[in-house]
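Residues per chain are reported as follows:
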Amino acid sequence: MSYIKGISGKIDIKSLDLEELGSKIRELGEPAFRAKQLYEWMHVKMARNYDEMTNISKALKEKCREHFDFTALESVTVQESKLDDTKKFLFALADGNMIESVFMKYKFGNSVCISSQVGCRMGCKFCASTLDGVERNLLPSEMLDQIYSIARITGEKISRVVVMGSGEPLDNYDNLLKFIKLLTDENGINMSQRNLTVSTCGIVPNILRLSEEKLSINLALSLHASNNDKRKELMPIANQYEIHQVLDACKTYFDRTGRQLTFEYSLVGGVNDTDEDAAQLSELLGGLNCVVNLIPVNPIKERSFQPTDREQALRFKNKLEKNHINVTIRREMGRDIDGACGQLRRRHLEPVEK
Ligand code: SAH
């Protein structure tokens, strides 16, 4: 069996499912129930190290240290929004890379938005995460530990997770799947698959693959345009997969899973927010069981895109509604704390301006 390796090259203990951990623990000459105890410490009690594991013998802890990497993210900064209850976390990984995650408090429960890669290689024009390309994929444990760390630091229960931070989750497919397995495992924190949303820029073969996995997670597609030419201007992935191919893949996902689709549409002033865009978008999505999330683009200083103003955003929304499309204008949470993808990490990477 090939196990996922951590940063130092040893097996990454927090990326193992209970069965895999059981085999490893037996190989180390320990009884299988020890695996269950270790798993519970990591994935239910969210322990940050072996020292916290009070019912594990010193000898076993030593063996574990020798054979495994233990992923525990280090919180570098926490920014708290003054406008809402959003908190943005910058975490350091064991190799010194930085990632960001966002905690959002809603009336109906708390959500965490996690990153799936360090950086991103998809090149969307308005997005800060992709400006330096991708550095590496995150391990399943590094995705999980964003949630565990935030739960520990805030003391709050996390009821929903969205994979909408930096990175393209379907470009890190195998680790994403393992992450989903661990997050929704009844022996772990046992989150319902229905409370997990994965957002993609539209890697068609992997959407189709995901639709075969017999999961009931939600799929969000970053659409951002009403036709392929405009989409190409904003998202290089549109050169690879034509807009109708992407929508067909989403339909297949819906047919196989029964989960309502979400389309993300960042409104960019004068680029994709005209009345004609609203009409084309309505036609494109007509008849689909879906909801459109409109969000005025969050300007990044490296690009000149400007958000659509409130009035035009409402006009756009009304037009879709008239055409019977479910639509919401998403609250721009945490705008004052570099809330958009990759902004905080970039700020950290840059030298302080004099
Ligand atoms: N790669 C995935 C998930 C990460 S991005 C995807 O493309 O869906 C999460 C969402 O934020 C995407 O819809 C993305 O297009 C959007 N986004 C990124 N930067 C943004 C910005 N500056 N303003 C508004 N939305 C942005």
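Residues numbered from 1 in each chain as written. Predicted model: local features only at pLDDT ≥ 70, side-chain atom pairs only at ≥ 80, totals over all residues. Heavy atoms only, no water.

**A word on unusual backbone geometry**
Part 1 of the reasoning: The residue Met46 is not glycine, and still its phi comes out positive at about 55 degrees.
Part 2 of the reasoning: Tracing the backbone through its elements, the reader meets Met46 in the loop between α2 (33–43) and α3 (58–67).
Part 3 of the reasoning: With relative accessibility at 18%, the residue Met46 sits in the buried group.
Part 4 of the reasoning: Of note, the phi angle at Asn190 is positive, near 60 degrees, even though the residue is not glycine.
Part 5 of the reasoning: Its location among the elements puts Asn190 in the loop between α5 (173–183) and β10 (196–200). (Helix = DSSP H or I, 4+ residues; strand = E, 2+ residues; numbered from the N terminus. Buried < 20%, exposed > 50% of the residue type's maximum accessible area, 1.4 Å probe, protein only.)

**Quick notes on the site of the ligand**
Part 1 of the reasoning: In the region of the ligand, 18 residues are neighbours, and Glu168, Ser199, Ser222, His224 and Asn298 sit closest.
Part 2 of the reasoning: Within the backbone of Phe126, one N or O atom sits 3.0 Å away from a nitrogen atom of the ligand.
Part 3 of the reasoning: The contact in question runs from a nitrogen atom of the ligand to an N or O atom on the backbone of Gly167, over 3.0 Å.
Part 4 of the reasoning: Considered on its own, the ligand offers 530 Å² of accessible surface; in the complex 94% of this is hidden by protein.
Part 5 of the reasoning: Counting residues per element, the ones that place at least two in the shell around the ligand are β10 and β12 (261–267).
Part 6 of the reasoning: Tallied by class, residues from the shell around the ligand come to eight nonpolar, eight polar and two charged. (Near = heavy atom within 4 Å. Polar contact = N/O pair within 3.5 Å; in protein donor to acceptor, adjacent residues only side chain to side chain. Areas by Shrake-Rupley, 256 points an atom, 1.4 Å probe, with all protein chains shown as cover. Nonpolar A, V, L, I, M, F, W, Y, C, P; charged D, E, K, R; others polar.)

**A look at the sheet that holds strand β3 (residues 74–80)**
Part 1 of the reasoning: The sheet built from ten strands is open, its strands ordered β3-β4-β5-β6-β9-β10-β11-β12-β13-β14 with mixed pairing. The outermost strands of the open sheet, each flanked by one partner alone, are β3 and β14 (326–329). Here the strands of the sheet are splayed against their neighbours by 20 degrees on average, with no regard to which way each runs.
Part 2 of the reasoning: Across four bridges, the pairing between strand β13 (residues 290–296) and β14 is parallel. In the strand pairing of β14, Asn293 is matched with Thr328.
Part 3 of the reasoning: Docked against the sheet, helix α8 (residues 243–257) engages β11 (218–222) and β12, running at close to 145 degrees with respect to β12. (Pairing = 2+ DSSP bridges. Axes fitted to C-alpha atoms, helices over the stretch in contact; angles between N-to-C directions. Contact = heavy atoms within 4.5 Å.)

**Description of empty space enclosed by the protein**
Part 1 of the reasoning: Tallying each qualifying case throughout the model produces one cavity of 30 Å³ or more.
Part 2 of the reasoning: Looking at the largest cavity, its volume works out to about 30 Å³.
Part 3 of the reasoning: Along the walls of the largest cavity sit Phe126, Val297, Asn298, Pro299, Ile300, Arg303 and Phe305, which together make up its complete lining. (1 Å grid on protein atoms, 1.4 Å probe; cavity = no way out; pocket = protein on both sides within 12 Å on 5 of 7 lines; lining within 4 Å. Points joined across faces, edges and corners; volume = space filled by probe spheres on them.)

**Observations concerning the pattern of salt bridges**
Part 1 of the reasoning: Counted according to the given criterion, the structure contains 21 salt bridges.
Part 2 of the reasoning: Among the salt bridges present, the one from Glu142 reaches Arg136, with a minimum N-O distance of 2.9 Å.
Part 3 of the reasoning: According to the relative accessible area criterion, Glu142 is buried, its value standing at 2%.
Part 4 of the reasoning: In this structure, Lys230 and Asp277 form a salt bridge, with 3.0 Å as the shortest nitrogen-oxygen distance. Taken together, the residues span a long stretch of sequence, with Lys230 in helix α7 (residues 228–234) and Asp277 in helix α9 (residues 275–285) at a distance of 47 residues.
Part 5 of the reasoning: You can call Lys230 partly exposed: its relative accessible area is 22%.
Part 6 of the reasoning: The exposure class of Asp277 is buried, given its relative accessible area of 2%.
Part 7 of the reasoning: Here the salt bridges share partners, and the residues they tie into one network are Asp51, Glu62 and Arg65. (Salt bridge = Lys/Arg side-chain N within 4 Å of Asp/Glu carboxyl O.)

**Some words on the domain arrangement of the chain**
Part 1 of the reasoning: Annotation of the chain at the domain level lists domain 1 (11–69) and domain 2 (74–353).
Part 2 of the reasoning: Distance from the C-alpha centre of domain 1 to the C-alpha centre of domain 2: 33 Å.
Part 3 of the reasoning: Each side of the interface is counted separately: domain 1 has 17 residues, and domain 2 has 17 residues.
Part 4 of the reasoning: The contact between domain 1 and domain 2 buries some 1,400 Å² in all, and 49% of this surface belongs to carbon and sulfur atoms.
Part 5 of the reasoning: Among the residues of domain 1 in contact with domain 2, Lys14, His43 and Met46 are the three that bury the most area, contributing 37% of the side total. (Domains from an automatic or database assignment. Buried area = accessible area lost by both parts, 1.4 Å probe.)

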